[in-house]
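Spelled out from the first residue to the last, the chains are:
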Amino acid sequence: MHLADRGDLVAIPPKGISQRFSQVESDTDCSIHAVDFHKAANYLKTRELATLLDTVRAKDGHGDG
């Protein structure tokens, strides 16, 4: 799984991971923060990361339901 900020010039380009590797389940981007997108706190607050983590938990049998 890969999640990058849309505005991060250093990040791997959108869909760059899934174009190079065959078993990537999610390769997406989101808007983490206008200026401080490298701060872990801002990254951890994103809805997209929560969705990815929920997907992993469900696959591993650790979902809420």
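Up top is the structure.
None of the values given here were measured: they were computed from a predicted structure. (Residues numbered from 1 in each chain as written. Predicted model: local features only at pLDDT ≥ 70, side-chain atom pairs only at ≥ 80, totals over all residues. Heavy atoms only, no water.)

J.: Would you mind showing me how to read the overall build of the chain here?
T.: A count of helices and strands for the chain gives 3 helices and 2 strands. Along the chain, helices and strands appear, N-terminal first, in the series β-α-β-α-α. In terms of overall dimensions, the chain has a C-alpha envelope of 35 × 30 × 10 Å along the principal axes. Buried positions account for 25% of the 65 residues belonging to the chain. Taking contacts inside the chain between residues at least 6 apart in sequence as the whole, the part at least 24 apart equals 58%. The centroid of the 8 positive side-chain charges in the chain is displaced by 2 Å from the centroid of its 10 negative side-chain charges. (Helix = DSSP H or I, 4+ residues; strand = E, 2+ residues; numbered from the N terminus. Buried < 20%, exposed > 50% of the residue type's maximum accessible area, 1.4 Å probe, protein only. Contact = heavy atoms within 4.5 Å. Lys, Arg positive; Asp, Glu negative; His and termini not counted. Charge placed at Lys NZ, Arg CZ, Asp CG, Glu CD.)

J.: Looking at this structure, I do not really get the pattern of salt bridges. What am I missing?
T.: Throughout the structure, instances matching the rule amount to 1 salt bridge. Glu 48 serves as the salt-bridge partner of Arg 47, at 3.9 Å between the closest nitrogen and oxygen. Looking at Glu 48, the relative accessible area reads 22%, which means it is partly exposed. (Salt bridge = Lys/Arg side-chain N within 4 Å of Asp/Glu carboxyl O.)

J.: Looking at this structure, I do not really get helix H3 (residues 47-59). What am I missing?
T.: Think of an α-helix as turning once every 3.6 residues; residues three or four places apart then point the same way. Over its 13 residues, H3 runs 19 Å from end to end, which matches the ideal 18 Å to within 8%, given 1.5 Å per residue. Phi turns positive one or two residues past the end of H3, at Gly 61, with a value near 80 degrees. (Expected span 1.5 Å × (residues − 1).)

J.: Please explain the pairing of strand E1 (residues 2-5) as it appears in this structure.
T.: A regular strand places its side chains so that they alternate between the two faces of the sheet. Residue alternation in E1 divides its side chains into two sets, His 2 and Ala 4 and Leu 3 and Asp 5, and both sets are buried. Direction of pairing for E1 relative to strand E2 (residues 27-30): parallel, over a ladder of 4 bridges. For His 2, the partnering residue across the bridge sits in E2 and is Asp 27. (Pairing = 2+ DSSP bridges.)

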